Amino acid sequence: MLDVKTLTIDQKLKLLTGANLWQNDSVDGKLYQVRMADGPNGLRLSDFDDANPQDETAFPSLAVAGSSWDREIIKEMADAIADEAIEEKVDLVLGPGINIKRSPYCGRNFEYISEDPYFSGEMGKAYIDAMQKRGIGTSLKHFAVNNSEWDRCYQSSEVSERAMQEIYFAGFKKAIDANPWTIMCSYNPVNGVYAAENRKLLKLTLRDKFGYKGVVVSDWGAVLNSYKSLKAGLDMRMPYHEDGFTTLKSAYKKGLITDSEIDESAQRVIDLAEKAQNAKKHHKINMTRAERHQKAVEIAQSGMVLLKNEDDILPLKGGKIVVSGTYTVNPPLAGNGAAMVKTAYKQTELDKLLAQALPDANVEYVDVVNGIRLRAIRMRHLVERAYGSDVTIIAVGNTNVEEGESWDRENLRICPLDEKLILETAKKCDNVVVLLYTGSSIDCSSWIDSVKACLWVGFSGEGVNEAITNILTGKVNPSGKLTETFPIEDNVYPDSNEGNGFVTRYGDDVFVGYRMYDTFGVDVCFPFGHGLSYSEFEYSDLDINKLSETDYEISFKVKNISNIDGAEVCQVYVKDVVSMVSRPQKELKGFDKVYLKAGEQKTVKVVLDRSSFAYWSDPLDEFYVENGVFEILVGASSRDIRLNGKIKINLPDELQVSK
Ligand code: GLC
């Protein structure tokens, strides 16, 4: 164990800045250098000179993996990435990213998990647990309120304390239970002070309130002034920057930073390095590249969401099937930026996979180039070939051009020419099925009523075409559900850049996503938690078992009343019927995914605790459980409530404020 007390001041200060793009300082060879690499859905080794950056497994984005609503799926993905990290001698993966999808325009939403903090925290915790169990570290990111990408290094997020605590911190607080080896602070100012220099954020919240003991690293290039960052509670500036050491040294000489501040952070970096080095002793590779690919397929098919399936047009029954859209040949695997993985996996065209899976069908590919390069002639070409087909599949969506790090989306719809292609084809062909390759939410209201079915594919990594084939042919019964609202663009809360133009005022406060749409009765395209199956599920027998004044075991039965094995994501929402503050109409406080054979019935149990009922009280500066009636809403989505119960909380005064 290297004791910081034995080091010179220069050696200590060098520990507070990376040694290069991806590693900590070696303290003149005395300390292990942790090798860090992006990212949440696979290893991005393109900057590494000694790795094979051409063949890492491109797993589905976290938006897709999260849409499985299955903690085990998230764990399996983190485990498989850890496996590859061990193979590539990476010690720490820079993920998961769990920023709340406040604005559907955020260019990086494909990389995040949800608009809901409880859900984001649960899935982030599962990811961290599974990866660190393999002895590979994580970096929970980006703390905090980095919810848009334009001007992410300058735009100050101006947020009320209540919205911070209930919406933007809550997922991080829950995920910290898994003790991430590091937490990454965000680029943006928060209420006027850069996150990397924000003592309220890093010291008073992460350390003092949440009890975080690990290393706080900066986002890459997020530190403007190293000594201010150190004083705010940031441990390690990444990556190496020449003025990192010099700024710290001159601040030390002026007495602006103290020995104890330096030692505390430097020792945390030492502890991280030694933890990573010790973990290597237990590293073992469990999977082959092929097995990781198969895992990528399984995750993708668990997370894709069947948005519409009129007349049970899916699964495909055979006959003449036309497949169009270049995305089926060369699918977008991920959004742009840190989450991009260079895979050598060669896609098989979707039409070929469908033809293999449906040997009696007549599957024909019609080459329609997606996006603005479309020409009217190709549209006529498609309609001529699709006319009379039993099913016409049209692939549309975005690529890493429209969705990526450091820019936001221009709009929430697919390319207008692709919308026109869908509408024109649907006029002539009865059974149009749309495959929606978008990284995150999309407004499909202009065309969804004209088509029979729509599968949200997301950015699903290298297993995308196999996963789509398995779902379209019924080999896999879709079970994913939306973890973000698909809004109607005209109804989206305006991102108010009021003030001096460098400020984004979070005027929506705690009313984010479905919390806004459901509270104010706003129409959406598809609601939070929505997703169809080839099976049908019946909910019954809601029972609320009181364990204490604030702890309740909610149980109910779910039955698969179809003749197809499937899985159902059951959601438990809480509604504070009467409160002294304005509260969302409902809030997700529990969920489970239950796998049911045809005709099978199971009992689902979800436990609610005081955090399920509390809100943040500014005057009390704490979470507060108000006495009164709460409704318990059990649903298949936020707008498909199947069971409804009530409880009444009557706490003595002294117990109403969380400790
Ligand atoms: C990027 C991203 C962050 C990533 C880091 C290292 O700018 O914001 O998520 O892990 O830099 O690539």
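Details of the structure are given in the entry above.
To start, this report covers the structure provided alongside it. (Residues numbered from 1 in each chain as written. Predicted model: local features only at pLDDT ≥ 70, side-chain atom pairs only at ≥ 80, totals over all residues. Heavy atoms only, no water.)

### Focus: the overall build of the protein
A tally of helices and strands in the protein yields 16 helices and 26 strands. Seen through its principal axes, the protein has C-alpha atoms that stretch 80 × 65 × 50 Å. Counting over 659 residues, the protein shows a buried share of 63%. Within the protein, contacts between residues separated by at least 24 positions form 77% of all contacts whose residues are at least 6 apart in sequence. Accessible area for the protein stands at about 24,000 Å²; split by element, carbon and sulfur atoms hold 49% of it. The positive charge centre, built from 78 side chains, and the negative charge centre, built from 98, are 2 Å apart in the protein. (Helix = DSSP H or I, 4+ residues; strand = E, 2+ residues; numbered from the N terminus. Buried < 20%, exposed > 50% of the residue type's maximum accessible area, 1.4 Å probe, protein only. Contact = heavy atoms within 4.5 Å. Areas by Shrake-Rupley, 256 points an atom, 1.4 Å probe, with all protein chains shown as cover. Lys, Arg positive; Asp, Glu negative; His and termini not counted. Charge placed at Lys NZ, Arg CZ, Asp CG, Glu CD.)

### Quick look at the packing of helix H11 (residues 289–303) against helix H15 (residues 464–472)
Running from amino to carboxyl end, H11 crosses H15 at an angle of 50°, the nearest separation of the two axes being 8 Å. One way to sum up the angle between H11 and H15 is to call them oblique. Crossing of H11 against H15: the hand is right-handed. Along its contact with H11, which presents His-293, Val-297, Ala-300 and Gln-301, the element H15 presents Glu-466, Ala-467, Asn-470 and Ile-471. Grouping the constituent residues of the contact of H11 with H15 by class yields 4 nonpolar, 3 polar and 1 charged. (Axes fitted to C-alpha atoms, helices over the stretch in contact; angles between N-to-C directions. Parallel < 35°, antiparallel > 145°, perpendicular 65-115°, else oblique. Left-handed = near helix turned anticlockwise from the far one by under 90°. Nonpolar A, V, L, I, M, F, W, Y, C, P; charged D, E, K, R; others polar.)

### Section: the sheet that holds strand E13 (residues 432–437)
Taken together, 6 strands build an open sheet; the order of strands is E9-E14-E13-E12-E10-E11 and the sheet is mixed. The open sheet has two edge strands, strand E9 (305–309) and strand E11 (362–366), and neither has a second partner. With strand direction ignored, the average angle separating the axes of adjacent strands in the sheet is 15°. Alignment of strand E10 (residues 320–324) against strand E12 (residues 391–397), held across 4 bridges, turns out to be parallel. Bridge pairing links Ser-324 to Ile-394 in E12. Strand contacts of helix H14 (residues 416–428): E12 and E13, with the helix running at about 170° to E12, the strand carrying the most contacts. (Pairing = 2+ DSSP bridges.)

### Observations concerning the sheet that holds strand E19 (residues 552–560)
Across the sheet, 3 strands lie side by side as E18-E19-E22; this open sheet has antiparallel pairing. Among the strands making up the open sheet, the edge pair consists of strand E18 (537–546) and strand E22 (601–608). Adjacent strand axes in the sheet meet at a mean angle of 20°, parallel and antiparallel pairs treated alike. Alignment of E19 against E22, held across 8 bridges, turns out to be antiparallel. Note on E22: the bridge partner recorded for Tyr-552 is Leu-608.

### Digging into the environment of Pro-180
Inspection of the secondary structure assignment puts Pro-180 in the loop between helix H6 (170–175) and strand E5 (182–185). When the C-alpha atoms of Pro-180 and Asn-400 are compared, they prove to be 29 Å apart, with 220 residues separating the residues in sequence. Dropping the residues within four chain positions of it, Pro-180 is found in contact with Ile-128, Gln-132, Thr-138, Leu-140, Ala-175 and Tyr-212.

### Section: the state of the cysteines
Counted under the stated rule, the structure contains 0 disulfides. Of all cysteine sulfurs, the one in Cys-153 lies closest to Cys-106, which takes part in no disulfide; the gap is 13 Å. On the basis of relative accessible area, Cys-106 is assigned to the buried category, the value being 1%. Summary of cysteine pairing: Cys-429 is not part of a disulfide, and the nearest cysteine sulfur, belonging to Cys-454, is at 17 Å. (Disulfide = S-S within 2.5 Å.)

### Remarks on the site of the ligand
Close to the ligand lie 14 residues; Asp-38, Arg-108, His-142, Tyr-187 and Asp-219 are nearest. Arg-44 is positioned such that a nitrogen or oxygen atom in its side chain is 3.0 Å from an oxygen atom of the ligand. The separation between an oxygen atom of the ligand and a polar side-chain atom of His-142 is 2.7 Å. Here the ligand, which alone exposes 310 Å², has 94% of that area covered by the protein. Partitioning the shell around the ligand into residue classes produces 6 nonpolar, 1 polar and 7 charged. (Near = heavy atom within 4 Å. Polar contact = N/O pair within 3.5 Å; in protein donor to acceptor, adjacent residues only side chain to side chain.)

### Here we look at the packing of helix H12 (residues 350–357) against H15
With their axes 9 Å apart at the nearest point, H12 and H15 run at an angle of 40° to one another. As judged from the angle between their axes, H12 and H15 are oblique. For the pair H12 and H15, the crossing hand works out as right-handed. Of H15, the residues touching H12 (which contributes Leu-350, Leu-353, Leu-354 and Ala-357) are Asn-465, Glu-466, Ile-468, Thr-469 and Leu-472. A per-class count over the contact of H12 with H15 returns 6 nonpolar, 2 polar and 1 charged.

### A few points about the pairing of E13
Buried residues dominate E13, accounting for 6 of its 6 residues. Burial of the side chains of E13 extends over both faces: Val-432, Val-434 and Leu-436 are buried on one face and Val-433, Leu-435 and Tyr-437 on the other. As paired elements, E12 and E13 share 6 bridges and run parallel to each other. Counted as the bridge partner of Thr-392 is Val-432 from E13. Note on the crossover from E12 through H14 to E13: the handedness is right-handed. (Right-handed = clockwise from strand over helix to strand, strands pointing away.)

### Structural notes on the side chain of Ser-114
With respect to the secondary-structure elements, Ser-114 resides in the loop between strand E2 (92–93) and helix H4 (117–133). At 2.8 Å, the side chain of Ser-114 and the backbone nitrogen of Asp-116 are in polar contact. A polar contact is formed between the side chain of Ser-114 and the backbone oxygen of Thr-483, at a distance of 2.7 Å. Not counting residues up to four positions away in its chain, the partners in contact with Ser-114 are Asn-99, Ile-100, Lys-101, Phe-119, Ser-120, Thr-483 and Phe-528.

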